[in-house]
Amino acid sequence: MTATHESTERTAGAGRPAAQTEVELAIGGMTCASCAARVEKKLNRMDGVTASVNYATEKAKVSMADGVQVTDLIATVEATGYTAAPPAPRHPEPAPEHGGGEGPPPADGGDEELRTLRERVIGSAVLAVPVIAMAMIPALQFTYWQWLSLTLAAPVVVWGAWPFHRAAWTNARHGAATMDTLVSLGTSAAMLWSLWALFFGTAGMPGMTHAFELSIGRSDGAGNIYLEAAAGVTAFILAGRYFEARSKRKAGAALRALLELGAKEVTVLRDGRELRIRTEELAVGDRFVVRPGEKIATDGTVTEGSSAVDASMLTGESVPVEVGVGDGVTGATLNAGGRLVVEATRVGSDTQLARMAALVEDAQNGKAAAQRLADRISAVFVPVVIVLALATLGGWLVAGAGPTAAFTAAVAVLIIACPCALGLATPTALMVGTGRGAQLGILIKGPEVLETTRRADTVVLDKTGTVTTGEMTLLAVHLAEGTAREEALRLAGALENASEHPIAQAVARGAEREHGTLPVPEDFANVPGLGVQGVVEGHAVLVGREKLLREWAMELPPALAAAKEEAERAGRTAIAVAWDGEARAVLEVADAVKPSSAGAVRRLRALGLTPVLLTGDNRAVAESVAAEVGIPADDVIAEVMPEDKVGVVKRLQGEGRSVAMVGDGVNDAAALAQADLGLAMGTGTDAAIEAGDLTLVRGDLRSAADAIRLSRRTLGTIKGNLFWAFAYNVAALPLAAAGLLNPMIAGAAMAFSSVFVVGNSLRLRRFRAAE
């Protein structure tokens, strides 16, 4: 930690930056969105400091002026009751056999925290269920049932609820109150009063029962125990906290997926020999070999060889790029053709891949932390309940009712306010909604995602792999007069099948689909940058660019030349085919539009969203695809690099739009993170999937519309649950304050509110995808 801290301070000028310096802190101890808001408020009160604290990623992004030190920031956070430390370096250098992490929190540390919380949930649930059953079902109340209830409930309230008690104590020391405060106060009050009633009242007498009476009457509380409330509330809210923590653990996975994308080892040329080393050991100026099918280790310039490089994962360009000596190549792209020798020009954090990782991180940290609905309401509800409980205690004492009656009424206020149904409101709806979504191929990452789906008014669609299939496909065959389609495809497909080029493979696949097994060519030769030639079934065949045919003194007939020009105007790749001295056919190859895309665009419009097509491809290709799916040319943004994609999303947000983004490639990861709502195609890369808020497993764009519909429906269910959970509290609080709350009515009402919340959530199971 010390080494990391010193490193960060050196980066920040050791606390003496020249002007405005940005640093990042990992914040620990936050339990709800209001914690993040409080830390952010304290940091922003410092002179020369502007801070944004993200509860989801547990990080603070701080811009500090000259004279402010990192240690000052950490001290301020710690004085607020939380922990702060500079994040661990993104590229640690552990010994290979020990592995290594990639930023906070360490994977094993986070897993340990989640495992501990899961153990609390399971343990508390197992112990709480019989306590609730005995309290609510008189037939189960045997002679000493109340003492068994105490034995089972005590570990739940002390051990299970410990995170709430600890957070409440921290909040109290700093003059704050959150939902943790209410949970801690309510469960503690219920437990302490039950202990008093058992040991000093009449509740511990043999044969004591909770009669199920639906009547209201004053009671001195000496015969009442509230162990089921204490244990049940703890178990319910722990479950909600666990599901939230599990979704939060994915916050840093986009960065890990990006950093894992690059090549791990590389073959370098040193002293005339090939040597295999780790990619991290590459230096600028090193020359390294990239064989067909290998990833290019880092950004560089080709010094030997020529090939086709598949850069779609980074640039979005669906057509592989032809490279030769002197051309630049990008790390993590795929060599789809011949052998290359590349000279490294950028390594480590200077590469395009590393810069994209930084873009994703900036976008994630810059995204406003959406406060959970329960926390918003609790900001007002918690202080009001505490004040009401104190007022009830004082009012009864002033009225001369005696301390027992006064304390009974005050405790009843806290108990009835303790959010039993509230603990179920979000997690049950989320569980049912996400479970139904999983059945339909839709993965929702957390409750914060749902609100954004309601506000979204613009949907940005990445072209390659989202609207289109993401792979080159044979779309059309144009034939010279007297030429048979079967023969043209068989001869061209046989020759292209011997090539590794992605466009050649598209022709070969198309030919195989129509005519089955292809013949094996003889005298095959690849003509770099132009095409292929060889002998098939006794015919001398040429397949490639028009220039290749001209080198053999062949010209395209007018009809084929016109077809070629029309295909290129539409953004497709046109391939000329000739044999026996004559040009016979032109084949059109392109990234084909998915059959479902046009219908998906119509569904998105029906949801009130404006579709925008965004792509790294050229404008002709983009407008051709847009016309096919029903997007106007005015809503097409083409020829954009990854940085530009983020800029486009920011520009749309700057116009006041709430932007949803659908994408599948690494080039989309930063934009998915920047967007208000990121929808990642599950057929895409891990980086895109982890950066998104919703994952569409099936790779069908129609599921994007279903995902938004399901998310909006789930949000509506959560809001309904929260309304009824709080309506119960608001209706019952006056009765409790008046001392008219019968424990069994309170228990029955609590049970009913919980059953209602669960039943309301289960309605989501009937959600159907649109036909």
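The rules behind these values
- Residues numbered from 1 in each chain as written.
- Predicted model: local features only at pLDDT ≥ 70, side-chain atom pairs only at ≥ 80, totals over all residues.
- Heavy atoms only, no water.
- Helix = DSSP H or I, 4+ residues; strand = E, 2+ residues; numbered from the N terminus.
- Buried < 20%, exposed > 50% of the residue type's maximum accessible area, 1.4 Å probe, protein only.
- Contact = heavy atoms within 4.5 Å.
- Areas by Shrake-Rupley, 256 points an atom, 1.4 Å probe, with all protein chains shown as cover.
- Expected span 1.5 Å × (residues − 1).
- Pairing = 2+ DSSP bridges.
- Core = buried A, V, L, I, M, F, W, Y, C linked by side-chain atoms within 4.5 Å.
- Axes fitted to C-alpha atoms, helices over the stretch in contact; angles between N-to-C directions.
- Parallel < 35°, antiparallel > 145°, perpendicular 65-115°, else oblique.
- Left-handed = near helix turned anticlockwise from the far one by under 90°.
- Nonpolar A, V, L, I, M, F, W, Y, C, P; charged D, E, K, R; others polar.
- Salt bridge = Lys/Arg side-chain N within 4 Å of Asp/Glu carboxyl O.
- UniProt positions renumbered as here; feature names shortened; annotations may be inferred.
- Patch = residues over 30% accessible without salt bridge, like charges linked within 9 Å, V, L, I, M, F, W, Y side chains within 5 Å.
- Phe/Tyr/Trp six-rings, centres within 6.5 Å; stacked < 30°, edge-to-face > 60°.
- pLDDT = per-residue confidence, 0-100.

Overview of the overall build of the protein chain
Next up, step 1: If you tally the helices and strands in the protein chain, you get 27 helices and 26 strands.
Next up, step 2: When each of the 771 residues of the protein chain is scored for burial, the buried share is 54%.
Next up, step 3: The long-range share in the protein chain, meaning contacts at least 24 apart out of those at least 6 apart in sequence, stands at 70%.
Next up, step 4: Surface accessibility of the protein chain: about 32000 Å² in total, with carbon and sulfur atoms responsible for 57%.

Here's the deal with helix α26 (residues 702–737)
Next up, step 1: For α26, spanning 36 residues, the distance from its first C-alpha to its last is 53 Å, which sits close to the expected 52 Å at 1.5 Å a residue.
Next up, step 2: Directly beyond the C-terminal end of α26, a positive phi value near 75° is found at Gly 739.

Notes on the sheet that holds strand β9 (residues 307–310)
Next up, step 1: Across the sheet, three strands lie side by side as β10-β9-β12; this open sheet has antiparallel pairing. Across the chains shown, the open sheet's two edge strands, defined by having one partner strand only, are β10 (321–323) and β12 (334–335).
Next up, step 2: Direction of pairing for β9 relative to β10: antiparallel, over a ladder of three bridges. Looking at β10, one finds that Ser 307 is bridged to Val 323.

A closer look at the nonpolar core
Next up, step 1: In terms of nonpolar packing, the biggest core is built from 44 residues, with Leu 461, Val 467, Leu 613, Val 662 and Leu 679 touching the most fellow members.
Next up, step 2: What Val 662 contacts, discounting residues up to four positions off in sequence, is Val 459, Val 460, Leu 461, Asp 462, Thr 466, Leu 672, Leu 679, Met 681, Leu 696, Leu 701 and Ala 704.
Next up, step 3: Core analysis: the next-biggest nonpolar cluster, separate from the first, contains 39 residues, Val 157, Leu 227, Ala 235 and Phe 726 among them.

What to know about helix α18 (residues 502–515)
Next up, step 1: Compared with an ideal rise of 1.5 Å per residue, which puts 14 residues at 20 Å, α18 spans 20 Å between its outermost C-alpha atoms and is within 8% of the ideal.
Next up, step 2: Taken as a whole, α18 has its buried residues at Ile 503, Ala 504, Ala 506, Val 507, Ala 508, Gly 510 and Ala 511.
Next up, step 3: On its buried face, α18 sits against β16 (468–479), α17 (485–496), β20 (573–579) and β21 (582–593).
Next up, step 4: Of the residues trailing α18, Gly 516 is marked for its positive phi of about 75°.

Concerning the packing of α17 against α18
For any two helices packed against each other, one specifies the crossing angle of their axes together with the interaxial distance.
Next up, step 1: Look at α17 against α18: their axes get within 8 Å of each other, and the N-to-C directions meet at 135°. For the element pair α17 / α18, the angle class is oblique. The handedness of the crossing between α17 and α18 comes out as left-handed. Two secondary-structure elements touch here, α17 through Arg 485, Glu 486, Leu 489, Ala 492, Gly 493 and Glu 496 and α18 through Ala 504, Gln 505, Val 507, Ala 508, Ala 511, Glu 514 and His 515.
Next up, step 2: Its residues placed into classes, the contact of α17 with α18 shows six nonpolar, three polar and four charged.

Side note on the pattern of salt bridges
Next up, step 1: Applying the stated criterion across every chain, the model contains 22 salt bridges.
Next up, step 2: Across the pair Arg 276 and Glu 265 runs a salt bridge whose closest N-O atoms are separated by 3.7 Å. Separated by 11 residues along the polypeptide, Arg 276 in strand β6 (residues 273–278) and Glu 265 in strand β5 (residues 265–270) bring together distant segments of the chain.
Next up, step 3: One salt-bridge network, held together by shared partners, links Glu 546, Arg 550, Glu 555, Lys 564 and Glu 568.

Re the UniProt feature "transmembrane region" (unreviewed entry) in the protein chain
Next up, step 1: If you check UniProt for "transmembrane region" (unreviewed entry), the listed places come out as residues 121–138, 144–162, 182–205, 225–243, 377–399, 405–426, 721–738 and 744–762 in our numbering.
Next up, step 2: Counting secondary structure, residues 144–162 comes out at 89% helix and 0% strand; the distance between its end C-alpha atoms is 28 Å.
Next up, step 3: Secondary structure content for residues 721–738 is 94% helix and 0% strand, and the end C-alpha separation is 27 Å.

Here's the deal with the pairing of strand β1 (residues 21–28)
Next up, step 1: Burial within β1 is extensive, with seven of its eight residues counted as buried.
Next up, step 2: One ladder, built from six bridges, connects β1 with strand β3 (residues 59–64); its direction is antiparallel. Opposite Leu 25, over in β3, you have Ala 60 as the bridge partner.
Next up, step 3: Sheet topology note: the β1/strand β4 (residues 83–85) ladder contains three bridges and is antiparallel. Residue pairing across strands places Ile 27 opposite Ala 84, the latter belonging to β4.

Quick word on a nonpolar patch on the surface
Next up, step 1: Residues Phe 142, Tyr 144 and Leu 148 make up a contiguous nonpolar surface patch of roughly 290 Å² in combined accessible area.
Next up, step 2: Following the sequence through the fold, Tyr 144 ends up in the loop between α4 (107–136) and α5 (145–160).
Next up, step 3: Owing to a relative accessible area of 45%, Tyr 144 belongs among the partly exposed residues under this scheme.

Concerning the sheet that holds β20
Two pairing modes exist for strands in a sheet, parallel and antiparallel, and in both the strands are linked by backbone hydrogen bonds.
Next up, step 1: Spatial strand order, β16-β21-β20-β19-β18-β17: six strands in an open sheet with antiparallel pairing. Here the strands that pair on one side only, and so sit at the sheet edges, are β16 and β17 (522–527). Averaged over all neighbouring strand pairs, the angle between strand axes comes to 20°, with direction disregarded.
Next up, step 2: Pairing between strand β18 (residues 531–536) and strand β19 (residues 539–544): six bridges, direction antiparallel. For Val 532, the partnering residue across the bridge sits in β19 and is Val 543.
Next up, step 3: The strands touched by helix α20 (residues 558–569) are β16, β20 and β21; relative to β21, the strand with the most contacts, the crossing angle is about 15°.

Some remarks on the pairing of β20
Next up, step 1: Among the seven residues of β20, six are classified as buried, and the element is accordingly described as predominantly covered.
Next up, step 2: Inspection of the sheet shows β20 paired to β21 by seven bridges, in the antiparallel sense. When the bridges of β21 are listed, Ala 574 appears paired with Glu 588.
Next up, step 3: Taken together, β20 and the strand that follows it, β21, pair antiparallel across an intervening segment of two residues, in which Asp 580 is found at a positive phi of about 55°.

Regarding the side chain of Ser 658
Next up, step 1: Looking at where Ser 658 falls in the secondary structure, it is placed in the loop between α23 (642–654) and β24 (659–663).
Next up, step 2: Taking the relative accessible area as the measure of exposure, Ser 658 reaches 10% and is therefore buried.
Next up, step 3: Setting aside chain neighbours within four positions, we find Ser 658 in contact with Thr 452, Arg 455, Ala 456, Asp 457, Thr 458 and Asp 676.

Details of unusual backbone geometry
Next up, step 1: Even without being a glycine, Ala 332 presents a positive backbone phi close to 80°.
Next up, step 2: Note that Ala 332 resides in the loop between β11 (328–329) and β12.

Details of the packing of aromatic side chains
Next up, step 1: All chains considered together, the criterion is met by three aromatic pairs.
Next up, step 2: Measuring from centroid to centroid gives 5.3 Å for Trp 147 and Phe 199, while their planes differ by 75°, and the two rings are edge-to-face. Of this pair, Trp 147 sits in helix α5 while Phe 199 sits in helix α7 (residues 179–199), and the two are 52 residues apart along the sequence.
Next up, step 3: When its relative accessible area of 26% is taken as the criterion, Trp 147 is described as partly exposed.

Observations concerning the environment of Val 53
Next up, step 1: Inspection of the secondary structure assignment puts Val 53 in strand β2 (residues 49–54).
Next up, step 2: A relative accessible area of 5% means that Val 53 is categorised as buried.
Next up, step 3: Distance in space between the C-alpha atoms of Val 53 and Cys 35 is 9.5 Å, their sequence separation being 18 residues.

Let's talk about the confidence of the model for the protein chain
Next up, step 1: Chain-level pLDDT for the protein chain is 78 on average; 78% of the residues reach the 70-or-more range.
Next up, step 2: By mean pLDDT, the top-scoring element of the protein chain is α5 (94), and the lowest-scoring one is helix α1 (residues 2–11) (35).
Next up, step 3: Considering only residues more than four positions removed or in separate chains, one finds that residues 1–18, a stretch of pLDDT under 50, has 29 contacts.

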